[in-house]
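Residue-level listing of the chains:
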Amino acid sequence: MLLRTNVALGANNPVGSQALNPVNSNKILNTYDRASCQVHLNDPPAASYYAASSAAQASAKREALKGELQTDIAVIGGGIAGCSTALHLAKRGYRVALLEARCVGYGASGRSGGQTIFGLAASQKVLAAQVGALDARRLFDLSVEALDLTQSLIREHGIDCDYRPNHVHVATKPRHLDELKQWIDELHGEYGYGSARLLDRAGLQSHVRSDRYLGGILDPRSGHLHPLKYTEGLARAAEAAGARIFENTQALGYQDGREVVVRTAHGSVRCRHLALCGNAYLGPVAPALARRILGVGTYMIATQPLDPTRARELLPSNAAIADINWILDYFRLSADQRILFGGRVSYSALQPPRLADAMRRRMVRIFPQTADLQVQYTWGGFLDISLSRAPDFGRLAANVFYLQGFSGHGMALTALAGKLVAEAVAGTAERFDVFARLPHRDFPGGPLFRRPSLVLAMLYYRLRDIL
Ligand SMILES: Cc1cc2nc3c(=O)[nH]c(=O)nc-3n(C[C@H](O)[C@H](O)[C@H](O)COP(=O)(O)OP(=O)(O)OC[C@H]3O[C@@H](n4cnc5c(N)ncnc54)[C@H](O)[C@@H]3O)c2cc1C
């Protein structure tokens, strides 16, 4: 999740994000190289609630690539972005090979808060200042299309991923109420988004029963889902459409040209087009892209299942909730009535201390009546934050596309991004290019100072949350 406009970023930061299973093992899942700002894939798959509750289990079950393969398109990365790219290209009749270093859903897509929300992580004002009012409007409309696409993919491919409608952005401070009011005026007046509506404190009680919140914006068109089941469902749909997916197959690099050659440890793929969908994990495969995003650790817990009546007393409409602080809390119920609670982020190179306890305290601050609940799962993952927090889509060569920089707001947008790559490969790039026109810069400070400068910036935002 994200910062500010939508779901959650958090606090501190990992040398590794931890996935702690019910026995609270201290297994490091990913490591983060401070010098290169790259996340390394040298750890076991996540023992998250999602892995435990999904037939997919977060472990590789498809064959690895061995030998040389000739195909139309190679996709690197088996998250939602990569699986959607593969699906939409295969549906158009292209031969597609998707290479995933670990297993489908291993990255953020299989660990996420699962909240599908309108808009982008950057505010519409920021977007309009960068690309003008018309493109800002197009970007907003595409973000709404992403919500509808997510639901239609679920229906079309019969993906059993516990999708539920309703999302509420909530205010924790009086000044947030003014911000929500301005936001709703902008949504209704400038963007014609009538689905979202303002809730006062009393109206909020139908969605979240906590004294902490003063008001909110309800959007029934947004919602929440089980992200690992959804990602795996997209992967299966892509395979049914003819795509080949290789797991335990890390792309080590590629050579561009009319024919692109992607190297792996035990083989290679020759193709006409390449789509880079490796998110915060891509690193050395495309160093120019890695400099433009920062892998930020963010964390979640899952409680024991609640009695359904008790669960409904906390979240009566089963909506997903996110506050509008810069470093925010986000939560919802799982299909088996656990509270899935996310919140902290890590920007420094420090592992958050006593993570499960810290997360639990944040949850109890919102719902004091949950103080007796056990935390049964704790896990983390990496967000791919761009400097402006706008998504970063584009081309490294005419036939090499990339998707990154979802900045904690990728649950819905990733699927649409994959569809836009497929449109662009097929020759209609207008919609892809609305995103590609967004300007992006490297994080300042070079490899050594990039992360410390972000830590300082985040301290500033944390202070803003407190004041
Ligand atoms: C804890 C957490 C909570 C979140 N909550 C929300 C939320 O509630 N709402 C929301 O909108 N967003 C949320 N996000 C963000 C959202 O999950 C991401 O934006 C989205 O899943 C990104 O999808 P992706 O396909 O781009 O990347 P990923 O899902 O990270 O997939 C990238 C894949 O590429 C693979 N890969 C990388 N390099 C290589 C290589 N060289 N060779 C082969 N494979 C490679 C990786 O193994 C990985 O599986 C959250 C993220 C986290 C971590």
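Above: the structure in question.
What comes next concerns the included structure.

Rules used throughout
Residues numbered from 1 in each chain as written. Predicted model: local features only at pLDDT ≥ 70, side-chain atom pairs only at ≥ 80, totals over all residues. Heavy atoms only, no water. Pairing = 2+ DSSP bridges. Helix = DSSP H or I, 4+ residues; strand = E, 2+ residues; numbered from the N terminus. Axes fitted to C-alpha atoms, helices over the stretch in contact; angles between N-to-C directions. Contact = heavy atoms within 4.5 Å. Phe/Tyr/Trp six-rings, centres within 6.5 Å; stacked < 30°, edge-to-face > 60°. Buried < 20%, exposed > 50% of the residue type's maximum accessible area, 1.4 Å probe, protein only. Lys NZ or Arg CZ within 6 Å of the ring centre and 35° of its normal. Parallel < 35°, antiparallel > 145°, perpendicular 65-115°, else oblique. Left-handed = near helix turned anticlockwise from the far one by under 90°. Core = buried A, V, L, I, M, F, W, Y, C linked by side-chain atoms within 4.5 Å.

Focus on the sheet that holds strand β5 (residues 96–99)
Strand order in this open sheet of 6 strands is β10-β5-β4-β14-β21-β20, and the pairing throughout is mixed. The open sheet has two free edges, formed respectively by β10 (244–246) and β20 (392–397), since each of these has just one partner strand. Adjacent strand axes in the sheet meet at a mean angle of 20°, parallel and antiparallel pairs treated alike. With 3 bridges connecting them, strand β14 (residues 273–276) and strand β21 (residues 400–404) associate as parallel partners. Its bridge partner being in β21, Leu-274 is matched across the sheet by Val-400. Where helix α10 (residues 413–425) meets the sheet, its contacts fall on β4 (73–76), β14, β20 and β21, and the angle it forms with β21 comes to roughly 165°.

Some points on the packing of aromatic side chains
Using the criterion set out here, one finds 17 aromatic pairs in the structure. Ring centres of Phe-393 and Phe-406 lie 5.4 Å apart, and the angle between their planes is 50°; on these two criteria the pair is classed as tilted. Taken as a pair, Phe-393 in strand β20 and Phe-406 in the loop between β21 and α10 lie far apart in primary sequence, 13 residues in all. Look at Phe-406 and you get buried, because its relative accessible area is 6%. In this structure, Arg-111 packs its charged tip against the face of Tyr-106, placed 4.8 Å from the ring centre.

Side note on the pairing of strand β7 (residues 164–171)
The buried fraction of β7 amounts to 6 of the 8 residues, a majority that puts the element mostly inside the structure. Alignment of β7 against strand β9 (residues 215–224), held across 7 bridges, turns out to be antiparallel. Counterpart to Ala-171 in the pairing with β9 is Gly-215.

Comments concerning the packing of helix α2 (residues 80–91) against α10
Two numbers describe how α2 lies on α10: the axes approach to 7 Å, and their chain directions differ by 40°. On the basis of the axis angle, α2 is oblique to α10. Between α2 and α10 lies a crossing whose hand is right-handed. Residues Ile-80, Ala-81, Ser-84, Thr-85, His-88 and Leu-89 of α2 form the contact with α10, whose own contacting residues are Thr-414, Ala-415, Gly-418, Lys-419, Val-421, Ala-422 and Val-425.

Overview of the nonpolar core
Counting residues in hydrophobic clusters, the biggest one holds 72 residues, and the most contacted among them are Tyr-230, Leu-403 and Phe-435. Looking at this core, the element that brings in the most residues is helix α3 (residues 124–156), giving 12 residues. Of all hydrophobic cores here, the second largest spans 26 residues; its members include Val-170, Leu-199, Leu-315 and Met-359.

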